[in-house]
Amino acid sequence: LPITSKKDFVSREREDITNVSLIAKSDTDHTSGSTGRPFHFYHDWHASLRSFAVTERIFRTTTKKRYPIVYMRSKERHGFTFYKHVWFFLRGYSGIEQRMEEFKELGHRFKDGFILYGYTSWVIALVQQMEKVGMRLPIRSVMVAGEHLLPKDREHIEKVLATELYSLYASREVGFLGFECEQHLMHISEEWALLEIIDAEGNILPLGEEGRIIVTVFDNEVMPFIRYELGDVGVISPAHCSCGRTLRTLTFKGRTVEFIELEDNRVVSLLDIAYALGTYKDAVRHYQIIQTSPLSFVFKIVPGPTFEMNREFLEPMMVRLLHPRVQVQWDMIEDIP
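Residues numbered from 1 in each chain as written. Predicted model: local features only at pLDDT ≥ 70, side-chain atom pairs only at ≥ 80, totals over all residues. Heavy atoms only, no water.

S.K.: What is the right way to look at the overall build of the chain in this model?
M.R.: What the chain contains, in helices and strands, is 8 helices and 18 strands. Computed over its C-alpha atoms, the radius of gyration of the chain comes to 20 Å, within 12% of the 20 Å expected for a compact globule of 337 residues. A principal-axis box enclosing the C-alpha atoms of the chain has dimensions of 55 × 55 × 40 Å. Residue burial in the chain is summarised as follows: out of 337 residues, 52% are buried. With an accessible surface of roughly 16,400 Å², the chain has 51% of that area assigned to carbon and sulfur atoms. (Helix = DSSP H or I, 4+ residues; strand = E, 2+ residues; numbered from the N terminus. Rg over C-alpha atoms; globule rule 2.2 N^0.38 Å. Buried < 20%, exposed > 50% of the residue type's maximum accessible area, 1.4 Å probe, protein only. Areas by Shrake-Rupley, 256 points an atom, 1.4 Å probe, with all protein chains shown as cover.)

Structure (C-alpha cells):
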C-alpha cells in the first residue's frame, strides 16, 4: 500500500477520504499546524472509546497510585479522558508567567497530589516560573508530549519538582502511539496502531535501524490513516524491556519547537501561531512565516476557500498572540515550494 501524508489528505475532497455515513457519529479536530500545513480530520466515536482505554493505561504507568491529571492545553482534546482530570487552559507559552497564582490555586485543590501533563515547552516554562518564585505543589509525576525533550530539560524538571518525568508519543490525527514505562523506554501502543520504519525510498527497515516513522491506526473507520507519515524519525528496538511489558519499544526524534523573539523580552511559541492559523477550517492550506524585523512579519498564505471569510478574525488574533505593535503583511500566493 502507498505511503500517505498530510498533503494527500488536504488536497482531496471530503467524500474521497472519509466514510461520510459515519461523520454524524464522529468528532472533528485539527493538527497544531506546526509544519505549515493545517489539517482538519475526523475521529469516530468507536476510536474515541479505544483511545480512552489507551490513555488510562498510559497514566496508570506513571505512578503506583491513580492521581488526577492537570492537563495544560489551549482547548479540550478529543479522545482524552482519565478517571479524574481537569484542563488548565492557556492562550500560549507567554501566558504562563501571568497565570502562576491561578495554577497554584488549582494545584492545591488536590491535597494527595496530581499528575502534570502538557506540551514539553509549556511544562519547561511552568517549572522555570515555579523555581523562580519558590512555588511547591504536590506533583507526583510529569508527562510531556508534542515536542522533543532534551536530556538537560528532563533533568531540570525532575530536580525542581522532585519527581519523575515521562514522555508520551502522540499525534492529534493518529492518537496516543507510545508511552514511557518505569524504565523510561517508550513502548508502542500496538493494539492501537502499527508503526513501521522505512528508508528514503519507502522500503521497510529491519528492527534496530533508524528511518522514517509511518503509522496505520486500526480503529478510526470514519477517516482511516493507513501508512501515514508523521514527519518523525525513529528506531524500533528488537530487545525486550526489563519492565516485563511485551509491547515493543521505540526511540524517536520528534519535532523541536521554535520560538519567536520580539521586543520587550516577549517570546512566543511557533506552536501558538500554528494552532491559531489552523483553527478556522479550510481557511489556510499552507503557510510560511518570515520575520523581517523584531516587530514585522510577512505571512505567505496559500488560502483555502474560507480564508476571506475568516481574515477579520485571523488578523487581530495574530496581533494578540505576537505583540500589540506588531506589523503583519499578508501575501496571498498559489504555492509554497
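S.K.: Explain the packing of helix H7 (residues 270–279) against helix H8 (residues 307–322) here, please?
M.R.: Each packed pair of helices is defined by two parameters, the angle between the axes and the distance between the axes. In the contact formed by H7 and H8, the axes pass within 11 Å of each other and the chain directions differ by 165 degrees. Comparing the axis directions of H7 and H8 gives the class roughly antiparallel. The chirality of how H7 crosses H8 is right-handed. Along its contact with H7, which presents Asp-272, Ile-273, Ala-276 and Leu-277, the element H8 presents Leu-314, Met-317, Met-318, Leu-321 and Leu-322. (Axes fitted to C-alpha atoms, helices over the stretch in contact; angles between N-to-C directions. Parallel < 35°, antiparallel > 145°, perpendicular 65-115°, else oblique. Left-handed = near helix turned anticlockwise from the far one by under 90°. Contact = heavy atoms within 4.5 Å.)

S.K.: What is the right way to read helix H6 (residues 151–161) from this model?
M.R.: Those residues of H6 that sit buried are Asp-153, Ile-157, Val-160 and Leu-161. Taken end-on, H6 shows its buried residues confined to a sector of 85 degrees, consistent with a single buried face. Opposite the buried face of H6, by more than 90 degrees, sit the exposed residues Pro-151, Lys-152, Glu-155 and Lys-159. Contacts made by the buried residues of H6 are with helix H5 (120–133), strand S6 (139–145) and strand S7 (164–171). A positive phi of about 55 degrees marks Ala-162, the residue just after H6. (Arc of directions from axis to C-beta.)

S.K.: Help me understand the pairing of strand S17 (residues 296–303) in this model?
M.R.: Regular strands place side chains that alternate from one sheet face to the opposite one. Bridging between strand S16 (residues 284–293) and S17 involves 8 bridges; their strand directions are antiparallel. Counterpart to Tyr-287 in the pairing with S17 is Ile-301. Between S16 and S17, which pair antiparallel one after the other, the connecting turn spans 2 residues. Judged from the 6 bridges that link them, S17 and strand S18 (residues 327–332) form a sheet pairing that is parallel. Looking at the pairing, Ser-296 lines up with Gln-327 of S18. (Pairing = 2+ DSSP bridges.)

S.K.: Just to check I follow, could you spell out the pairing of S7 for this structure?
M.R.: For S7, a buried count of 7 out of 8 residues is recorded, marking the element as mostly surrounded by other parts of the structure. Bridge analysis of S6 against S7 gives 4 bridges, and the strand direction is parallel. Following the sheet pairing, Ser-141 is matched in S7 by Glu-164. One crossover worth recording links S6 to the parallel S7 by way of H6, and it is right-handed. Judged from the 4 bridges that link them, S7 and strand S8 (residues 175–180) form a sheet pairing that is antiparallel. Note that in S8 the partner of Ala-170 across the bridge is Phe-176. (Right-handed = clockwise from strand over helix to strand, strands pointing away.)

S.K.: Any chance you could explain the packing of aromatic side chains here in plain terms?
M.R.: The description of an aromatic ring pair rests on the distance of the ring centres and on the angle between the ring planes. The full count for this structure, using the stated rule, is 20 aromatic pairs. Residues Phe-41 and Phe-225 carry aromatic rings whose centres are separated by 6.5 Å and whose planes lie at 80 degrees to one another, so their mutual orientation is edge-to-face. With Phe-41 in strand S2 (residues 40–44) and Phe-225 in the loop between strand S11 (211–217) and strand S12 (228–236), this residue pair connects regions lying 184 residues apart in the sequence. Take Phe-41 and Phe-225: they sit in the same class, and that class is buried. (Phe/Tyr/Trp six-rings, centres within 6.5 Å; stacked < 30°, edge-to-face > 60°.)

S.K.: It is not clear to me how unusual backbone geometry should be interpreted in this structure. Could you clarify?
M.R.: Backbone geometry follows two general trends: most residues other than glycine have a negative phi, and most peptide bonds adopt the trans configuration. Of note, the phi angle at Arg-227 is positive, near 50 degrees, even though the residue is not glycine. For Asp-264, which is not a glycine, the phi torsion comes out positive at approximately 60 degrees. Considering the arrangement of structural elements, one finds Asp-264 in the loop between strand S14 (259–261) and strand S15 (267–269).

S.K.: Teacher, can you tell me more about the pattern of salt bridges here?
M.R.: Side-chain pairs of opposite charge can arise whenever the charged atoms involved come near each other. Taken as a whole and judged by the stated rule, the model has 19 salt bridges. Between Arg-12 and Asp-16 there is a salt bridge, with the nearest N and O atoms lying 3.9 Å from each other. A relative accessible area of 48% means that Asp-16 is categorised as partly exposed. The partner of Lys-132 in a salt bridge is Glu-97, with the nearest N and O atoms 3.9 Å apart. (Salt bridge = Lys/Arg side-chain N within 4 Å of Asp/Glu carboxyl O.)

S.K.: It is not clear to me how the sheet that holds strand S3 (residues 69–73) should be interpreted in this structure. Could you clarify?
M.R.: The pairing of strands in a sheet comes from backbone hydrogen bonds and takes either a parallel or an antiparallel form. Spatially, 11 strands are ordered S4-S3-S5-S6-S7-S8-S9-S13-S12-S11-S10 in an open sheet, and the strand pairing comes out mixed. Two strands close off the open sheet at either side, each with one partner strand: strand S4 (85–89) and strand S10 (193–198). Between one strand and the next, the sheet's axes are offset by a mean angle of 40 degrees, whatever the strand orientation. The pairing of strand S5 (residues 114–119) with S6 spans 6 bridges and is classified as parallel. Each bridged residue has a counterpart across the sheet, and for Phe-114 the counterpart in S6 is Ile-139. Contacting S3, S5, S6, S7 and S8, helix H3 (residues 45–62) runs over the sheet at an angle of about 20 degrees to S8. Contacting S3, S4 and S5, helix H4 (residues 100–107) runs over the sheet at an angle of about 175 degrees to S4.

S.K.: Please clarify how the environment of Glu-209 should be interpreted in this entry.
M.R.: Mapping Glu-209 onto the fold places it in the loop between S10 and S11. Taking C-alpha positions, Glu-209 is 46 Å from Phe-313, a pair spaced 104 residues apart along the chain. Setting aside its immediate chain neighbours within four residues, Glu-209 contacts Ile-197, Gly-234 and Val-235.

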